[in-house]
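Overview (structure and organization)
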Amino acid sequence: MGTHNNMIKVDGVKIKTPSVFSWGLQDVSASNAGRTQDARMHKNRIAQKRKIDLAWAMPTPEEAGDILNAFDPEYVNVTYYDPKDRKVVTRNFYTGDKTAPVKIWTVGNKRYESVSFNIIER
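The following paragraphs examine the structure supplied in this document. Just so you know, these numbers come straight off a predicted model, no measurement behind them.

Summed over all chains, the structure comprises six aromatic pairs. Taking the centre distance of 5.5 Å and the plane angle of 35° together, the rings of tryptophan 56 and phenylalanine 117 count as tilted. Residue tryptophan 56 is located in strand β6 (residues 45–57), and its partner phenylalanine 117 is located in strand β11 (residues 114–121); the two are separated by 61 residues in the primary sequence. Under the relative-accessibility criterion, tryptophan 56 is labelled buried at 0%. Ring centres 6.0 Å apart and planes at 65° place the aromatic pair tyrosine 80 and phenylalanine 93 in the edge-to-face group. Here the residue tyrosine 80 occupies a position in strand β7 (residues 76–82), and phenylalanine 93 occupies one in strand β8 (residues 87–95), the gap between them amounting to 13 residues.

Let's shift gears to the sheet that holds β8. Pairing between the strands of a sheet comes from backbone hydrogen bonds, and it takes one of two forms, parallel or antiparallel. The seven strands are arranged β2-β1-β7-β8-β11-β6-β3 in an open sheet whose pairing can be described as antiparallel. Looking along the sheet, the strands with just one partner apiece sit at the ends: β2 (13–14) and β3 (20–29). Bridge analysis of β8 against β11 gives three bridges, and the strand direction is antiparallel. Within β11, the residue paired with phenylalanine 93 across the bridge is glutamate 121. With respect to the sheet, helix α1 (residues 61–70) is in contact with β1 (9–10), β6, β7 and β11, its orientation differing from that of β11 by roughly 15°.

Now for the side chain of serine 114. In this fold, serine 114 is placed in strand β11. For serine 114, the residues in contact, after removing those within four places along its chain, are Trp56, Ala57, Met58, Pro59, Thr99, Ala100 and Pro101.

Reading the values: rules and limits
Residues numbered from 1 in each chain as written. Predicted model: local features only at pLDDT ≥ 70, side-chain atom pairs only at ≥ 80, totals over all residues. Heavy atoms only, no water. Phe/Tyr/Trp six-rings, centres within 6.5 Å; stacked < 30°, edge-to-face > 60°. Helix = DSSP H or I, 4+ residues; strand = E, 2+ residues; numbered from the N terminus. Buried < 20%, exposed > 50% of the residue type's maximum accessible area, 1.4 Å probe, protein only. Pairing = 2+ DSSP bridges. Contact = heavy atoms within 4.5 Å. Axes fitted to C-alpha atoms, helices over the stretch in contact; angles between N-to-C directions.

Following this line, the structure appears as structure tokens:
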């Protein structure tokens, strides 16, 4: 990924490159997972799902709106470089709770401190 490429696309549309992109992988265990009487863990992994923490620092109201609207659908297809797959992939995600605290709101200078949320692979 060159410096001029967008880091992520949402439903095929390039969006502002996030200032935080923290990739994670979660195991999903079967309902019968847990520790047995001998205290041995039986994880019974049935799947692995990606979870990505995203944040954009100091966006304008317009940028914040673009980001929030891009991730507004119940499910979105996100294209990004996946470190485990070692390539650009498109995966289906849903979005966690979104926050956008205001940093400054004066005439001629309106900025949010950040827009942040995580996306979890469906």
